[in-house]
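# Observations on chain architecture
So the chains spell out like this:
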Amino acid sequence: MDAVEQAATKEAESSIDLLVIVLDTNPSQQFVRQSPQNLTQVLESIIAFGNAHLMQKAQNQLAVISCSHHSTDFLYPVPGRQVELRQIDGQYEAFSLVEKTVKQQLGNILMNAPRLSSPCESLLAGSMTMALCYISRLQRNVAAGAKMHSRILVVTGSNECASQYMTFMNVFFTAQKLGIVVDTCALDKTLSLLQQGCDITNGQFLKVTQLDGLLQYLLWVFLPAPQMRHKLVLPPPPKVDYRASCFCHRELIDIGYVCSVCLSVFCKYSPICTTCHTIFKTPGPLPIKPKKKKKVEKQM
Amino acid sequence: MADDENEDQKEYRWETGYEKTWEAIKEDDDGLLDSAIAEIIQKAKRKRQVQKAKQNRLGMMRHLFVVIDCSESMSVPDLKPTRLLCTLKLLEIFIEEFFDQNPISQLGIIALKAKRAEKITELTGTARVHLKALEGLANVTLTSEPSLQNGLDMALKTLKVVPSHASREIVVIMGSLTTCDPVDINLTIDELVKEGIRCSVISLSAEIHVCRYLTQKTLGTYGAVLDDAHFRDQLLSQVDPPPAAKTQHNSLIRMGFPHSKDEVEGKDAPLSMCMCHVDNLDEPSELCTTGHHCPQCKSKYCELPVECQSCGLTLVSAPHLARSYHHLFPVPNYEELSMESVPQLSECDGIRKCYGCQKVLSAPHDKMVFKCSHCKQFYCIDCDIFIHETLHACVGCNTIPGVAGLIYQQQQQGGKTIAAETHDMLPSTSKQQRQFSM
Amino acid sequence: MADTKFGRYASCSSVNMSLPVQGLTNLECKNLQDYLQSRTPETLEKLYTHPPICLAVYRELPEIARQFIIRILFVDQPVPKAVVSSWGAQRCAKDQTEAASCLTNLNVWRVTAIPGGLAAWELSPTFKKSLRQALLGGGKPWTMTNTVEKDSKPRDISFLDSYAMSRWRCVLHYMVGTGARSSGTTDAEAISPDAVRILLHANLMKRDDRDGITITRQGFQFLLLDTRAQVWHFMLQYLDTCEERGIPLPECLSMLFQLSFSTLGRDYSSEGMSCQMLTFLQHLREFGLVFQRKRKEGRFYPTRLAVNVTNKEEGQVVRTTLTEDVHLQNSGYIVVETNYRIYAYTDSPLQVAVLGLFTELLYRFPNLVVGVLTRDSVRQALRGGITAEQIVSYLEQYAHPNMKLMESAIRSKSCLPPTVVDQIKLWEMERNRFIYTEGVVYNQFLSQNDYLTLRDYALSINVLVWQNERTRTMVVQKNGHDDVKRYWKKYSKIAG
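An unreviewed UniProt entry lists chain C under the name General transcription factor IIH subunit 4, with Drosophila lebanonensis as the source organism. Entered under Sequence similarities (unreviewed entry) in the UniProt record, the comment concerning chain C runs "Belongs to the TFB2 family." Database annotation for chain C, UniProt heading Subcellular location (unreviewed entry): "Nucleus".

As recorded in an unreviewed UniProt entry, chain A goes by the name General transcription factor IIH subunit 3, listed as coming from Drosophila lebanonensis. Recorded in UniProt under Subcellular location (unreviewed entry), the annotation for chain A is "Nucleus". Per UniProt, the comment on chain A under Sequence similarities (unreviewed entry) is "Belongs to the TFB4 family."

### Considering the interface of chain A and chain B
When the parts come together, some accessible area is lost, and that loss is often what is quoted as the size of the interface. If you look at the interface, chain A gives 80 residues, while chain B gives 90 residues. Taken together, the two surfaces of chain A and chain B that pack against each other cover about 7700 Å², and 62% of this comes from carbon and sulfur. In this structure, the connection of chain A to chain B is made through three salt bridges. A salt bridge links lysine 177 of chain A to aspartate 100 of chain B; the nearest nitrogen and oxygen atoms lie 3.8 Å apart. Here chain A and chain B share ten residue pairs in polar contact (both at pLDDT 80 or more) between them.

### Some details on the pairing of strand β3 (residues 72-76) of chain A
All names here are of chain A. In terms of burial, β3 is largely enclosed, as four of its five residues are buried. Across four bridges, the pairing between strand β2 (residues 61-67) and β3 is antiparallel. Residue pairing across strands places isoleucine 65 opposite phenylalanine 74, the latter belonging to β3. As consecutive antiparallel partners, β2 and β3 are separated by four residues.

### Comments concerning a nonpolar patch on the surface
Residues and elements named next belong to chain B. Residues Leu271, Met273 and Leu287 make up a contiguous nonpolar surface patch of about 330 Å² in total accessible area. By the secondary structure assignment, leucine 287 is in the loop between β7 (252-256) and β8 (292-293). Accessibility expressed as a relative area gives 54% for leucine 287, which makes it exposed.

### Points about the UniProt feature "domain: Transcription factor Tfb2 C-terminal" (unreviewed entry) in chain C
The sites that UniProt annotates as "domain: Transcription factor Tfb2 C-terminal" (unreviewed entry) are residues 422-489 of chain C. Along residues 422-489 of chain C the backbone is 46% helical and 21% strand, and the end-to-end C-alpha distance reaches 51 Å.

Rules behind the numbers
Residues numbered from 1 in each chain as written. Chains lettered and ligands numbered in written order. Predicted model: local features only at pLDDT ≥ 70, side-chain atom pairs only at ≥ 80, totals over all residues. Heavy atoms only, no water. UniProt positions renumbered as here; feature names shortened; annotations may be inferred. Contact = heavy atoms within 4.5 Å. Buried area = accessible area lost by both parts, 1.4 Å probe. Salt bridge = Lys/Arg side-chain N within 4 Å of Asp/Glu carboxyl O. Polar contact = N/O pair within 3.5 Å; in protein donor to acceptor, adjacent residues only side chain to side chain. Buried < 20%, exposed > 50% of the residue type's maximum accessible area, 1.4 Å probe, protein only. Helix = DSSP H or I, 4+ residues; strand = E, 2+ residues; numbered from the N terminus. Pairing = 2+ DSSP bridges. Patch = residues over 30% accessible without salt bridge, like charges linked within 9 Å, V, L, I, M, F, W, Y side chains within 5 Å. Areas by Shrake-Rupley, 256 points an atom, 1.4 Å probe, with all protein chains shown as cover.

Quick look at the structure:
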C-alpha cells in the first residue's frame, strides 16, 4: 500500500500540471457593475494565483482565457513572439511575463470591445470548449513517457444561462472522458450547471461572496493539484440537484415524459414532440414491463 | 437507406485499397515526400468522421444483445492471443464506450456454447455486471460448433417483450464458419424481420452467406475482420445509435428524476438500504444515508440509471439524457481549405492560428485547414477531429455571440426576445435546431 | 552485507586489471534538500535573503509542505500548530509530520508561542519576504537581468545545446582519459586546473603516484548518471570548495539558481556583478553552463545544463523564448534486445568506455558497437560498485528513440525488455544470497528431549538460526547465547 502511495507521489512530482483559468471579464457581472475597480482586484488575484501554480513545480504550465461579452481570447500564453521583458524588481522573470502579458492583452480586449447597452451573458461554455481544444493539443504533444494532468478553473460572477446547457454538458462529458478536472469559483450566485460539472469531473465548487479574500480562497481550495486533494481537508462536495427541467416550461420536475426519439423532456403528455415533430402513438401510461421468470431455453 | 449503401459496396478493401498506392505519393517542389505523407495521414484521420452521415431519427433507447461465439473455432490464434481473448478484450472497451454514449440503454450477453445458447447476463444498464461476466467467459472451454439460431431465438424471446419504443438490436460475433441449427434458420430470420430487430454480424473468419443474408434482411451491418484493429473499428461502429427502425413506435416515456432535496435541513437522512443490492448475495446492501429515491414510490437505489423494481418507473438523471444529445445535434462537417485562405493576424507578426487550440499554423503539417460554415472560423486538423469526435460543440459557434444562439443580436433588437428566450433551453423549432446543431 | 562481502571479492578480483576498484564507498548524491539541511541555520538565513534560492527551496519541498507555506505566506501572525494540523486529512498524518519536520530542518518555519500559551508556527521572516518578492514583485532586481540592447547575432537553442554538451563532454572525456591526454592536447579539449581540482576533491578522480591522475570507483558511477545529475553533483562539489576560492557561497548559489530560472535562448547581462561572481561565471562557462562569446563580453546565454539544474528529472520541459516546446534532440543511441544484445550507435570513445563497464563488447564498426550483457560482465560491474539500478537507468536514459516507441505498445514503465531488466536485477541479487550471522553451535545433546526443549526455547525468544533434528544440532545467534545457556543450566538443574 505504501509503495503504491510512494509511486503516486513520485508520479505527481514528475508530471506536468496544466492549469487553464477561464476568467469571466464581462462588464455586466454584478461585481463589476458595483465598481469597475473590482475587476482589477479579481485580475490581480488571478495573476497571483496563476503564478502560485507555476511556482509549485518547474514544469507546471498555465493558460488564462478571458471570456467577455463579445469574444473569447487567450490572455496567456499568446501565440507568436513573446513580449520582450526586462526584470524591474525582485519578481521571477516568468511570473513578470505572465503579469505583463495578461494585463496587456486584457487592456487590448477591453479597448476594442463594443459598448454594450444592456447586460448580456458570458459565453462561458464556449470559452471552456476553447480551453479543451488547447488542453487536448498540449496533451497530444507531450513527450513520450511524460504525463500531463490538466484542469480548468472557471472564475465568474455571471448568472447562468440555460441556453448554453448543451454546450456545458458536452464540455463536462469531454472533460470527464479526458480526465480533466473542472473547478469553479463563483463570485456571485450558486451556478447549478457548473456545480454539476464540478461534480461530474470531481472538481471543487466554491462560492466566494467577498472579493477581499479572493486570493486566499483560491490558494486554499484550488491550488492543490487534484491528485493530492485527498490529503487535505477541503470543502465537502455540495449535494447537486440532477433533476431535469422540462422543455415546455423550464421547471424542475420529479417525474416527466421523455420523447423516445430525441430525449426531450416534457412535464405533461402531448401527442406531438415539439423538438423533433414526432407523432406519438400510444397515449396514456405505458404498460409496466412484467417481471420475467428465468425460462429454460428450448434447445435442440 | 443505410442498407442501400452497403449493397453498392461490392468491392472489398483488399481488392482495391492497395492498387497503385505509389500514385498517391507525389514529390513536392523541393523533391521531398514530407508534405505528401502529411496529407495521407490527415486524410486517414478524417476518414471516419466524414463517413458519419447526419441522421435525424435515431434509436436512442437501445436494447442490445451481444451474442458471442464460444465454439472451438474461437481458440484459433489468428487474432492474438486467441480469437476469444481478443474478442473479450475489445468487448470490455465496447461496453464502456456503449454505456458512455448510450446511458439509458441496456445490454445483455449471450454465449453460444456447444450448440446451445446460454444467457450470460440479462438486459441491464450497468456496465459492471457485464464486465464481471466477461471475465468469467475467458476460462470457458471451447468445444464443438455454435448454433446461430439458438442464439438468435434466445435474444428474440427477450427482446420481444421490450417496449416497442426502444431500438432492439443483436450483434453477433462469429468465429465459426458453420452453424448447427435445430430447424430452418429462415424462420427465425423472418421472425426477426417481423419484430424489426436489427441484427449485425462481425465474422472473425470469412464471410458467411447466411450471416450476410441475416444482416441484409434485418437492416444490420455485416463485416469480416482483417485484423484486431479492424475488428475494433467494426465493433466500435456499433456504439453509435442506429437510425430508428420503421417499426419502432415513438412514444413519450414516463421517467423519474430522483433527487435528494426533500430531507429536512440540518438533519441527516435516515439510514436505509438500497433496492439494487437487496437480493444480491455477493455484495449485500449497506445501510447508508445517501442514494437516489424514486419520486413515485420512494424506494432507494445506489446508482442511476435504473428501472424501479417496485413501481417500474425508469429513473435517470438529467446528465444521462444530455449525454445522448450530441448524437441528435452533431456538429456539421467543416469545409476543407488550403492554409493560405486563413487570414493573417496583423498584431502578431502576420501568423495564422487555429481558432480552437491557438496553434500557429505552418506548412507542411497544416497544409489543409477546416472552416466552419456558420462561425467562419478556421481550425487545424487535430481540432477538427477533436471537435467532431469528442467535444461535439463548435468552438467558434459557442464563443462568438452573434452566432451563438443569436443571443447577442437579440439583445440589440430588444423587443422580440422574450418569446425566443422561453425556448432557449433546447431547440424547439427546426430553425433553432439548426442553431443548436452548430 | 554487501560491503562486508565486497572485501572478499575485491581481493580475488585484483587479478583482473580492468576493474575500477579503488575506493570502497559508493557515490553519494545529495539533492538540494539534503545539501541545505547539512548547512547551519545561520548560513540558511543568509541564503534566504536571495529570492531565487527561496524559490528553488520552495520547489524542492514535499507537496503538502508547499501547500502549508502558501497558505501562511500571506498571514502575518503565527498560526497555531493545531490549526495547521487540521488542514491535512487524518489518514495522511504521516506525510504531514514529514512535511513539518522538513520545514523545521530547513529553517523555513519555527515554533513560537502565541498569547494563550499555544505553540504556533511562524514562517522565517527572511524566507517569507523573499518568497513574496519572487511571487509578487517588489524589491531589487536579481543580479542577472536581461540585456537592454539586442544581440546582433543571437544564438539559437540548438547551438546552445550543442555547445553545452561539447563542453560538458570535455570534462567527462578527461575523466575516462580519452580526451586531452590520449589524442594530442588541443585547447578546446583541455580542462582547467580548477576543474581537475574539483574532480579530485569530489573523489571522482584521484592522484596516483604511478600513472598520474586516474578515475575512481565513484568516478565510474558518476559517468552512469544522467547529465543533469552529473552537473548537479559536480556543482555541489564546486560549492564546497568555493569558499576557499574566496567566492561567497550565498551569492554563488543564488547565481546558480538564477541561471536555472532563466529562459533558454535569451541573453543576460553580467553588468554590475562583483569580481568574484565574474570568476564564477567564467567557471560556469568552462563547464558549459553558460555561453559567452568572449571573456570580457557583458552578455551571456544560459544553456540547458544550467536551466536543468533544479529539475528533478532529465529532459523536462524548460522555459524557452519560443512558445512552442523545443525538446532536446534525442540523444538515445542504445538498442537492447531480449537476447541481451546491445547495439550502440556511437563512435564516442567515452560512450564505448562506459558501455564496456558492464557489457562484453563483441564488434566495433565506425558508427556502431555491438555488445552482449552477460552474467560475467554484469557481475564485474557489480563488483566495481555499480548497482543494477544504475545500469538499468543508464540503458533507459540512452535508449534509442525507437525503443521508446515500443514502450507505448506494451505499456510497461521501462522501455527496455523486461527480461533483461529482471535478469540484471537477479544478477545483483544473487550476490546477496549469503547472510552472515555470528552464532554458537549447540550439539551432542544426550537425549532428543533435551534437544527439543532447548530448541523450542531458542525459537521462542527468536534467536534460533538453524537446526537439524536428526543430528541434534542447532545454531543460536551470538547475542542470544547467554540467554540460552542460562536456560539450559536451569533446565538441567531441574531435570537432573
